[in-house]
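A closer look at the structure
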Amino acid sequence: MTTFNCPRCGRPSTPEQCPSCGRGPEPLLVRLAELDAALRSLSSNTSSRDAVESERAEVLDGLGRLAASYRAAATPPTPPPSAPTPPPTPTPTAPAMHAPPQTPIGHMTPVHFPAAPPMTPPPHRPRQRGEVASKTVQTLLLSLGGLLVAAAIVIFTAVAWRHMGDGGRLLVLGAFTALMLTVPAVLIRFRLWATAETFASLAALALWCSALAGYYLMRPDRSPLSAEAVGLWTLLVLAALLAYRWGVGTTATGWALLPLAALGSMYAAAGETMHAALLMTAMAAMLAAGSRIVARRPTRHTHSDLWASHVLLCAAVALAFLAGLRVAFSLDESLVPPVAAAAAVLAAGSLVATVRIRRSETAVTTILVAASASIAMTVVAWALAARSGEAALAIPSLALLGALIAALIDELSGTDGEATRKASGLAAVAAPAAFAIVVADAPELTSYLAASVLVGLLALRMPEPLRRSLRHAAYIGGAAVAGVGAVTSLAALPAVWWDAPFPPTLDWEVPVVLALLSFTAVLVPAHRRLDLVALTLTFAAIAASVRLWEVDPARFDAMPVVGFALASAIALTGAMASATLDGRCVSWCLLAVWLPLTGSMIGASRIDAAPSLIGFGLVAAAAAMLAIAAGAPRRSRPDRVLAAILAHVLAGVTAGTMMVGDWFGQVVSGSDERLHLPAALGVYTLALTGVALMAPVKKLPYVIAAMCTGTVAWWTLLAALSAETLELYTAFPALVLFAFGVWRLLRRPETGSWAHLAAPIAVGIGPSLLMALVEGDVLRRVAVGAAALAVVAVGVARRWQAPLLLGSLTLLVLTINELVLVWHAIPQWIPPAVGGAILIGAGATFEKRRRDVVRLREQLKSMR
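Residues numbered from 1 in each chain as written. Predicted model: local features only at pLDDT ≥ 70, side-chain atom pairs only at ≥ 80, totals over all residues. Heavy atoms only, no water.

1. A look at the overall build of the protein
In terms of helices and strands, the protein carries 30 helices and two strands. Sorting the 864 residues of the protein into buried and exposed places 39% on the buried side. Across the protein, every contact between residues at least 6 apart in sequence was considered, and the portion connecting residues at least 24 apart equals 66%. Within the structure as shown, the protein displays about 46300 Å² of accessible surface, and the carbon and sulfur contribution to it stands at 69%. (Helix = DSSP H or I, 4+ residues; strand = E, 2+ residues; numbered from the N terminus. Buried < 20%, exposed > 50% of the residue type's maximum accessible area, 1.4 Å probe, protein only. Contact = heavy atoms within 4.5 Å. Areas by Shrake-Rupley, 256 points an atom, 1.4 Å probe, with all protein chains shown as cover.)

Here it is, written out as structure tokens:
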């Protein structure tokens, strides 16, 4: 029997059972034995041998995978790190797939599988640690110890010298300082770096206290310790610490420069202006030198040295600007406003520069210096603006504050900085404008317009994305100038209407600036230029006309009318020629505003125009607006719909105002002005009819609207002419509706005659029929009968159900009414005789008449 290696334990076994591990029958081994037996019986040159060998290779692959699964199950999931890596497992000794076996016929080589790997010992359990690391304990102990020693130094310097005198205090402090300065160098040699940093911090504090104690002893006049003296000795201590930091590499010395410089500058700032400025500037230079030394002479704590270098440099920049602020606060009151304006300009420029380098490949040090300068200059600008009391500096101060807030939000949220760039651009617009206003007493709108243009031109020289942000900031500045000019122009309207005081802010600068603003259209995108020109020229025309009217109201009485009429013409041009949808929509809205204002200016002027005539002109303008919007080529649907709605609103409000106003009184008095309302409605009806003809789709709403306004126009005209005949009011609308219904029914016969002809028949015949029955007018009864007969004829000719039934019903009512009217003239024997004859005839031909009635009913049902 052929033997094999067991796939589970790797020891020799049979296919039926493994004597070592007790494995049961393995189908793959059984199949392998059968294939080996088949290969022994086949000759080497038969074609079926290749198929058997291929199947044998597949069985060997399956056995290899089975052995691998047993090995994976025997391997522990998480071996310990110290366990040696087992050698690579050899592959089973078997012929390669698709290769003929090299064993002679009649003798097969046993197949061997690797044995399972040995069991590994359990992992080693790590030893438990304490809750606090030893380095943390060391840092905490050194910090507390250093804090206590520093407190002792301060207390000794301030209090204990009373019992020892000035000389004893200086001797003790000097010895202690020398010891503290020497110990860090020794500790560094013994690799006690943390302890050395603690002693270096104490040495910096002790050196400052020793310097003050030495000055207290050496002062010649025994005067109290002055602020300037503290600043000067602090400056000397900073210089000594810089030399010490160069020689002894301790990080704490570099950080100690910051609190000492802050303390010394606080004392120095309280002294005389020039001395304070010089001392603060010298301390700033010391901090800058310390930043350089810390960067050039790094210690073991490189990360701390890097941040110390950056912070020292930022503090140097801020201290230098504070020195300038100290000088600025001592200036004469007359010099504060221009200096504050210049500080705002510098702050805005530094903000733009900081934003420019923030998103570029610039060193961190440069970014920190620029940011420090920006913040310091902003603080200086705020302080000087608050001291100057200039209202013109409020806008740049708010712009600078907004830029800092935007920068903080962008940095915290991690955005691309678009808000910061725009805010800094707005500050760059506001600051130069305020500088021109404060220093040169320039006009405000002109200054802001010039600043916006300058920023827009500067944006052309900037890279993206700063170019786009500055351009948008310039747009916002120009829009603000236009908005202020527009509000100022419209603020003078109460003076024209109700003789209110003329606003002093509306001078000739407003129209001139608005006109100049139109020339800046070359800086905006091409599709927006017409919108900008139209908007600025509109308000320029309004401002100029109102300002000219204020010069001599009697002479230039009609100038506001001319200004608003020109504004209406510009708005109509923009609505027709603008390349943007929002530009066209805004122009239509402005046109709907300027037209009523033009009418109000006509009413407020001395032009001889009645209110009803002005109303007629507004409705006619609305009609023209509707027709132009519908017939204008290459317009989009939204702006056409908006123009139509605005025209409807303008015409409806104007007509309603005319009717509610004096129209009824004009009708009663018989004035000629009573015809203005019907004429206005008639003109709008013609416009609606024209739009219905021009509209490519949805013509029916315009047709219905035209019929409604035409009906109202006809009724108001009859009322104005004092017409009392009812048919004059109903016949014309009924004929128009009937003709329209016939036209619709011929085009769409499937809708039925009731939908199109019932209403006009009811309107034309119904009221006249009621009047004929009530008043008993013979002529009206004949006319109603003739009209009903004509309607019936139309229904019979076209087989329409509605006119046939309604006309027949009308004739039946009239017949009954006539019988009632002549009933008393009929002899008494005639009605019974006629009734008897009818009954006899009906009885004689009952069956035939019944078939005729059914046939008539079916014919009526078949009608439309």
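2. Focus on the packing of helix α10 (residues 336-358) against helix α13 (residues 418-440)
Running from N to C, α10 and α13 point in directions that differ by 160°, and their axes come no closer than 8 Å. In terms of orientation, α10 and α13 fall into the roughly antiparallel class. As α10 packs across α13, the resulting crossing turns out to be left-handed. Within the contact between the two elements, α10 uses P337, P338, A341, A342, A344, V345, A348, L351, V352 and V355 and α13 uses T420, R421, S424, A427, A428, A431, P432, A434, F435, V438 and V439. Considered class by class, the residues forming the contact of α10 with α13 number 18 nonpolar, two polar and one charged. (Axes fitted to C-alpha atoms, helices over the stretch in contact; angles between N-to-C directions. Parallel < 35°, antiparallel > 145°, perpendicular 65-115°, else oblique. Left-handed = near helix turned anticlockwise from the far one by under 90°. Nonpolar A, V, L, I, M, F, W, Y, C, P; charged D, E, K, R; others polar.)

3. Section: the side chain of R421
Here R421 shows up in helix α13. A relative accessible area of 4% places R421 in the buried class. Polar contacts involving the side chain of R421 include one to the side chain of S469, which spans 3.0 Å. (Polar contact = N/O pair within 3.5 Å; in protein donor to acceptor, adjacent residues only side chain to side chain.)

4. Regarding the pattern of salt bridges
All chains considered together, the criterion is met by six salt bridges. Residue R547 pairs with E550 through a salt bridge whose shortest N-O separation is 2.6 Å. Here the residue R547 and the residue E550 both occupy positions in helix α18 (residues 529-551), the gap between them amounting to three residues, near one helical turn. Judged by relative accessible area, which is 31%, E550 ranks as partly exposed. Here the salt bridges do not stand alone but share partners, grouping R528, D531 and D582 into one network. (Salt bridge = Lys/Arg side-chain N within 4 Å of Asp/Glu carboxyl O.)

5. A look at helix α1 (residues 27-41)
Spanning 15 residues, α1 covers 22 Å between terminal C-alpha atoms, matching the ideal 21 Å at 1.5 Å per step. Turning to α1, its buried residues number three or more, namely L29, L32, L35, D36 and L39. On an axial view of α1, the arc spanned by its buried residues comes to 120°, and they lie on one face. Projecting away from the buried face of α1 at angles above 90 degrees are the exposed residues P27 and S41. (Expected span 1.5 Å × (residues − 1). Arc of directions from axis to C-beta.)

6. Section: the nonpolar core
Judged by nonpolar contacts, the single largest core of 89 residues is most densely connected at W588, W594 and Y684. The element that contributes the greatest number of residues to this core is α13, accounting for ten residues. With sequence-adjacent residues up to four places away left out, W588 is seen in contact with L572, A575, M576, M625, I628, A629, D639, A643 and L646. Formed by 32 residues, the second largest nonpolar core is a distinct cluster that contains W208, L241, L257 and L312. (Core = buried A, V, L, I, M, F, W, Y, C linked by side-chain atoms within 4.5 Å.)

7. Some remarks on the environment of M559
Among the secondary structure elements, M559 is positioned in helix α19 (residues 559-577). For M559, a relative accessible area of 24% corresponds to the partly exposed category. Residues M559 and M601, spaced 42 residues apart in sequence, show a C-alpha to C-alpha distance of 9.1 Å.

8. Focus: a nonpolar patch on the surface
Among the surface-exposed residues, L398, L401, I405 and I409 lie close enough to one another that they form a single nonpolar patch of about 380 Å² accessible area. Mapped onto the elements, I405 comes out in helix α12 (residues 394-413). (Patch = residues over 30% accessible without salt bridge, like charges linked within 9 Å, V, L, I, M, F, W, Y side chains within 5 Å.)

9. What to know about the state of the cysteines
With the rule as written, the count across this model stands at zero disulfides. Unpaired in terms of disulfides, C585 finds its nearest cysteine sulfur in C589, a separation of 6.8 Å. Residue C585 is classed as buried on the basis of its relative accessible area, which comes to 17%. (Disulfide = S-S within 2.5 Å.)

10. Describing the environment of F321
Looking at the element boundaries, F321 is found in helix α9 (residues 302-328). If we skip the residues at most four places from it in the chain, F321 touches A373, A376, M377 and V380.

11. Looking at the side chain of S424
Within the secondary structure layout, S424 lies in helix α13. The class for S424 is buried, based on a relative accessible area of 1%.

12. A look at the packing of aromatic side chains
Enumeration according to the criterion identifies two aromatic pairs in this entry. Between F539 and W594, the ring centres sit 5.8 Å apart and the planes meet at 85°, which makes this aromatic pair edge-to-face. Placement of F539 in helix α18 and of W594 in helix α20 (residues 581-604) is noted, with a sequence separation of 55 residues between them. Accessibility expressed as a relative area gives 10% for F539, which makes it buried. Ring centres of F564 and W594 lie 5.9 Å apart, and the angle between their planes is 55°; on these two criteria the pair is classed as tilted. Here W594 lies in helix α20 and F564 lies in helix α19, a separation of 30 residues in the sequence. The exposure class of W594 is buried, given its relative accessible area of 2%. Within the aromatic cluster, the residues linked to one another by ring pairs are F539, F564 and W594. Just above the ring of W246 sits the side chain of R297; from NZ or CZ to the centre is 4.9 Å. (Phe/Tyr/Trp six-rings, centres within 6.5 Å; stacked < 30°, edge-to-face > 60°. Lys NZ or Arg CZ within 6 Å of the ring centre and 35° of its normal.)

13. Some thoughts on the packing of helix α21 (residues 611-631) against helix α23 (residues 676-694)
The contact between α21 and α23 brings their axes to 9 Å, and the two run at 0°. Classified by the interaxial angle, the pair formed by α21 and α23 is roughly parallel. Two secondary-structure elements touch here, α21 through S612, L613, F616, V619, A620, A622, A623, L626, A627, A630 and G631 and α23 through H676, A679, A680, V683, Y684, A687, L688, V691 and M694. Each residue belonging to the contact of α21 with α23 can be placed in one class, and the counts come to 17 nonpolar, three polar and no charged.

14. A word on unusual backbone geometry
Each neighbour pair has its own omega, and for E464 with P465 the value is 5°, a cis peptide bond. Backbone geometry places D441, a non-glycine residue, at a positive phi of 55°. One can find D441 in the loop between α13 and α14 (444-459). With relative accessibility at 65%, the residue D441 sits in the exposed group.

15. A short note on the confidence of the model for the protein
Looking at the protein, the pLDDT average stands at 74 and 70% of residues meet or exceed 70. Mean pLDDT across the elements of the protein ranges from a minimum in helix α29 (residues 830-844), with 59, to a maximum in α19, with 89. Every residue in residues 77-132 is under pLDDT 50, and counting partners more than four places away or in other chains gives 54 contacts. (pLDDT = per-residue confidence, 0-100.)

16. Some words on the environment of R11
Note that R11 resides in the loop between β1 (4-5) and β2 (12-13). For R11, a relative accessible area of 52% puts it in the exposed group. A sequence separation of ten residues divides R11 from C21, and the C-alpha atoms of the two residues are 8.7 Å apart. Among all residues touching R11, those that are not within four sequence positions of it are F4, N5, C6 and S20.

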